[in-house]
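Observations on chain architecture
The chain contents come next:
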Amino acid sequence: MKQIKSILVIGNGMVGYKFCEKFVVKEAAENFKITVFGEEPRPAYDRVHLSEFFENGDAKALEMAPRSWYEEHNIELITNERVTDIHRASKTITTINDKTFSYDYLVLATGSSAFVPAIKGVEKEGVFVYRTIEDLEGMMAYADKLKKSNPDAKAAVLGGGLLGLEAAKAVMDMGLEPHVVEFASKLMPRQLDTRGSSVLKNKLETMGIHIHLSKATNKILGEQSITGMEFGEYDKINVDMLVVSAGIRPRDELGKTCGLKMGTRGGIVVNNKMQTSDPEIFAIGEVALYNNMIYGLVAPGYEMADVAVDQILGTSETLMSPDIDMSTKLKLIGVDVASFGEPFMPVEKGYSIIFENKTKDLYKRINVSHDGKKLLGGILIGDASDYNMFHQIYLNGLPIPEDAEELILGARGEGSSSFGSAMDIPDAAQVCSCESVTKGAICSSITEGGCNNLADVIAKTKVTTGCGGCKPMVVDLVNETLKSLGKEVKNSICEHFEYTRQELFGVIKIKKLKTFDEAIDTCGKGDGCEICKPLVASIFASLYNDTANKEEVIQDSNDKFLANIQRNGTYSVVPRIPGGEITPDKLIVIGQVGKKYNLYTKITGGQRIDLFGAQLNDLPAIWKELIDAGFESGHAYGKSLRTVKSCVGSSWCRYGMDDSVGFAIELENRYKGLRSPHKFKGGVSACIRECAEARGKDFGIIAVEGGWNLYVGGNGGATPRHAQLLAEQIDNETVIKYLDRYFMYYIRTAAPLMRTSTWLDKLEGGIDQLIKIVVDDSLNIAAELETEMQGLVDAYQCEWKQAIENDDMVSRFQHFVNSEDTDDTIVFVPMREQLQPIAWDK
Amino acid sequence: MDTILNTYNTVKESEVKVWFKAAEVSKFAKDGGVCVKYKDKQIAVFNFQRRNHWYACQNVCPHKMEMVLSRGMIGDDKGIPKVACPMHKKTFSLESGENLNGDLEAIATYPVKVENNFVYIGFSE
Ligand SMILES: Cc1cc2nc3c(=O)[nH]c(=O)nc-3n(C[C@H](O)[C@H](O)[C@H](O)COP(=O)(O)OP(=O)(O)OC[C@H]3O[C@@H](n4cnc5c(N)ncnc54)[C@H](O)[C@@H]3O)c2cc1C
Ligand code: FES
């Protein structure tokens, strides 16, 4: 009979989980029984993406694997159970509930906890650490409570490192005024030099994060709860909450009490087989002290898990790498920050090339060997798009341009790229360090493994599923490999249509297809889905300017109900207010409607008014009242023109050079209802002070001496982008002519859900090419584009008016088909002087 | 909140005790969904014309517990008929109720029949 050996894994965190995952796929795994103990109440989750919990409160989405996964793999998972003692003599452990288990091998994956310095008052209410889902829940509840009594509440983060900055962003997103307090004289002291830190500080301050450097906190102020922090006798700040992010301490208490060899400053010492001083006890992840270091990153932890698995199974060749790569890219904060290799450069090793542009908050530093042949490290702030490539060049010692500065300044000659493509890196290069996937493995999954697209490659190799930082490079590799095989790189729409949006647009246009069934029967297969149906609807709209009332069942859900669905299944109502200009009478009507239907009202960023909380049944009546008062649909739900924002312009402003409001109204009315691959927005400013923020829009117009400057492809939101100059000093008619051509060309060629900024990025030749097409008419299609646009403009009608005038359409807005009742499960709670949906805790 | 989910349990055709007369066929959008009220239950009903089939399931999405599935879009996932929740596009099989793009709990499904131009939904109580 086979002897089943017992492995106990203590700690069900990211690395403990990874150990299990790597173990169960091995053939010899069936000779072992794994039992996992986790102190936290839930199965292991993705701590790296912990901050996402703030956005969606969805703990399940963060799970590394559901409980059922452990069952399926015959792993016993015991959560909510801390292991309290290890008895090496009897090879057993006991837990807090006095249960005893015996082991053949023990794996310690207890991770680390946040380090809380012994500052006076640190135990006060309102002081948090940032490590577990429970920590976050505590912070969120506390922040909510604070904001109720004080809308201007402030929160500080102690520690300006990688994690501290992430925490600062999180408290900012919670609606608190964020402050970062750092002991050192710079931010991210381990990764950045002083100049880099000061560029980053500048940038963060413009985002509204207050930075306090060189501050040693000696006291937390307040009675029961925190009210401030004291640095020196006369130096203090008032804050209502504090998140301590001052480093980590390994959870090594078990190792200490059972007499394993420990580091002088903590951590359980391991060799390159991940063995502790007791060869049957392994330690991996953030509790393990390897090379006299604790690595606060997942990638080394995953490698340790891999080594421990092979060592226990007796595959003794697998050893931990001697050098651990600590390159990092900051995520989430809204500004690119990356540091790789050796960020600081001692003169005896090499020299540095530094580029700094304070007006753009850009800082790039690369460190190069004395002979100029090797990239040794660097820092990127403000634009880290080259990070993946630099990181690979550094890791693999790839050749760099003779004139190394081209790496950060770009090659001078037009069009030539300063360094090669992703395909130039060696096969052995590790592209995804979280999952240890090499370039070779990615490419051969396509050439030999039968993968046909990115999704296949991800499913097969697990690349990009860790921190996700390698994704841009993986996309390039997959596309290049497919191309090299002569396979077309196809971004086909979904399983139902083997076309790109642009191709399908062409086919539908030529064959004059008019309904979804016609389209799928002619050029697709199956019954369609939530991806292709709205896409086909949007193509119909662009070709025939149908409103969203036509074939409402294929419209995006928001289009179907001509309103944006909100958190509790109610809808928002946004009447169009062109250019943001509105009469007092119309304002009164909006007020009356809001009051009558008990709606939450808010001014939007697009200079109009959003009314939230409308029940489906009430939508037609609400819109009837608005339409009777002269309003039209604002298409706030649609992938179509939102607003054209304007400053007040020359009619009132003493700097204004032109009538920006008048022109904004004209443009908004011209393009209203125009449906496109994604929403788009415009702005018109009457002078270069740019009060309308026009360059943050898909199109922006700024009055200058002698006409308007027209900018295109800008964006605000998550990936801010300044619009680029398309034409200078042109008159109103020319602006409209160029805009017609630009939009129509975008509508024809963009991929679904692609904003103009990304589209312009991807357009071969970029803005120069667009200027050729739109201004110089190099493709000889300008007249056609203009005619098409005029056709769409002429076909406009208000879809809400259309809907309320037709009984069949009105019935769509009933919640029940067999009752006039409204949905009685909807619950509102008071918020300030209005209402909001009850929170999603469920 | 689990109590909401507990009110919805899949009913097989063989277990039907009550055929609830919901509404006339003409009230159901082709290839779309509507919501039917039965006692304290909300049931999403889909007239999947392309497949020549009717489907019914709970209206509540197990993701965020909102009563919205009837407003979702239907289609197929490799041949399996499905509905996509309008909130976050979680998709569920209209046959087995299984969450096709995640590991949410399955939704409850109910039998539907059409007789004399009326749509009936089958319940076990
Ligand atoms: C907000 C945040 C952002 C981060 N971002 C990044 C990033 O971008 N990139 C990156 O590489 N890393 C990042 N990290 C670090 C990364 O999360 C850690 O390196 C990783 O989680 C370490 O895994 P681990 O399994 O060693 O420890 P943990 O994930 O901490 O797991 C250890 C588990 O063991 C449990 N445990 C401890 N003692 C016992 C006991 N006696 N009995 C039972 N259970 C016990 C603990 O409760 C815990 O659940 C981030 C961390 C945080 C908090
Ligand atoms: S509520 Fe249904 S997908 Fe989120």
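Residues numbered from 1 in each chain as written. Chains lettered and ligands numbered in written order. Predicted model: local features only at pLDDT ≥ 70, side-chain atom pairs only at ≥ 80, totals over all residues.

**Things to note about the sheet that holds strand β8 (residues 109–110) of chain B**
Residues and elements named next belong to chain B. An order of β2-β3-β4-β8 is seen for the 4 strands of this open sheet, with the pairing classed as antiparallel. Edge positions in the sheet fall to β2 (33–38) and β8, since each has one partner strand and no second. Relative to strand β4 (residues 53–58), strand β3 (residues 41–48) is paired through 6 bridges, and the arrangement is antiparallel. Within β4, the position partnered with A44 by the bridge is C57. (Pairing = 2+ DSSP bridges. Helix = DSSP H or I, 4+ residues; strand = E, 2+ residues; numbered from the N terminus.)

**Examining the interface of chain B and chain A**
Counting from both sides, the interface comprises 32 residues of chain B and, opposite them, 23 residues of chain A. Elements with a minimum of two residues in the side of chain B that touches chain A: β1 (18–24), β2 and β5 (73–77) of chain B. Of the residues assigned to the side of chain B that touches chain A, the class counts are 15 nonpolar, 3 polar and 14 charged. (Contact = placed C-beta atoms within 7 Å. Nonpolar A, V, L, I, M, F, W, Y, C, P; charged D, E, K, R; others polar.)

**Some details on the pairing of strand β5 (residues 92–95) of chain A**
Residues and elements named next belong to chain A. Alignment of strand β4 (residues 83–87) against β5, held across 4 bridges, turns out to be antiparallel. Bridge pairing in β5 links H87 to T92. Here β4 folds back onto β5 in antiparallel fashion, the turn holding 4 residues, of which K91 has a positive phi close to 50 degrees. One ladder, built from 3 bridges, connects β5 with strand β6 (residues 100–102); its direction is antiparallel. The partner of I93 across the bridge, within β6, is F101. Connecting β5 to the antiparallel partner β6 that follows it, the hairpin turn spans 4 residues, and D98 within it adopts a positive phi of roughly 65 degrees.

**Some words on the nonpolar core**
A general tendency of soluble globular proteins is for nonpolar side chains to be buried together. Judged by nonpolar contacts, the single largest core of 71 residues is most densely connected at F19, V107, L108, I284 and A308 of chain A. Among the elements that take part in this core, helix α9 (residues 298–312) of chain A stands out by supplying 9 residues, more than any other. Setting aside residues no more than four positions away along its own chain, V107 of chain A makes contact with I7, V9, I10, F19, F282, I284 and A308 of chain A. Core analysis: the second largest hydrophobic core is formed by 66 residues, V573, I622 and I804 of chain A together with Y110 of chain B among them. (Core = buried A, V, L, I, M, F, W, Y, C linked by C-beta atoms within 7 Å. Buried ≥ 20, exposed ≤ 12 C-beta atoms within 10 Å, placed from the backbone.)

**So, the environment of L725 of chain A**
Residues and elements named next belong to chain A. As for its placement among the helices and strands, L725 is situated in strand β36 (residues 724–730). Measuring from C-alpha to C-alpha, the distance between L725 and R695 comes to 9.3 Å, with 30 residues separating the pair along the chain. Excluding residues within four positions of it along the chain, L725 makes contact with N709 and Y711.

**Considerations on the site of ligand 1**
Residues and elements named next belong to chain A. The local shell around ligand 1 holds 36 residues, among which G11, G13, V15, G111 and G285 are the closest. Contributions of two or more residues to the shell around ligand 1 are made by α1 (14–24), α6 (162–173) and α9. For the shell around ligand 1, the class distribution of residues is 15 nonpolar, 12 polar and 9 charged. Counting contributing residues, the shell around ligand 1 receives three or more from each of domain 1 (5–112 + 250–312) and domain 2 (127–246). (Near = placed C-beta within 6 Å. Domains from an automatic or database assignment.)

**Some details on helix α5 (residues 133–149) of chain A**
All names here are of chain A. For α5, built from 17 residues, the straight-helix expectation of 24 Å at 1.5 Å per residue is met to within 8% by its first-to-last C-alpha distance of 25 Å. Of all the positions in α5, only L136, M139, Y142, A143 and L146 are classed as buried. The buried side chains of α5 occupy one side of the element, clustering within an arc of 135 degrees when seen end-on. Turned more than 90 degrees off the buried face of α5, the exposed positions are E134, A141, D144, K148 and S149. Tucked inside the fold, the buried residues of α5 contact α2 (52–56), β9 (127–129) and β16 (241–244). (Expected span 1.5 Å × (residues − 1). Arc of directions from axis to C-beta.)

**Quick word on helix α15 (residues 501–511) of chain A**
All names here are of chain A. Restricting attention to buried positions, one finds in α15 the residues R501, L504, F505 and I508. Buried residues of α15, viewed axially, fall in a sector of 105 degrees; they line one side. Along α15, the residues that are exposed and aim more than 90 degrees away from the buried face are I510 and K511. For α15, the secondary structure elements touched by its buried residues are α16 (516–523), α17 (532–544) and α22 (732–749). After α15 finishes, the residue K512 shows a positive phi value of roughly 50 degrees.

**Observations concerning the confidence of the model for chain B**
In this model, chain B carries a mean pLDDT of 90, and residues with pLDDT of at least 70 account for 98%. For this predicted complex, the interface confidence reaches an ipTM of 0.91, while the overall pTM sits at 0.55. (pLDDT = per-residue confidence, 0-100.)

**Topic: the pairing of strand β37 (residues 828–831) of chain A**
Residues and elements named next belong to chain A. Across 4 bridges, the pairing between β37 and strand β38 (residues 834–837) is antiparallel. Paired with F828 across the strands is P837, a residue of β38. The hairpin formed by β37 and β38 contains 2 residues between the paired strands, and R832 there has a positive phi angle of roughly 45 degrees.

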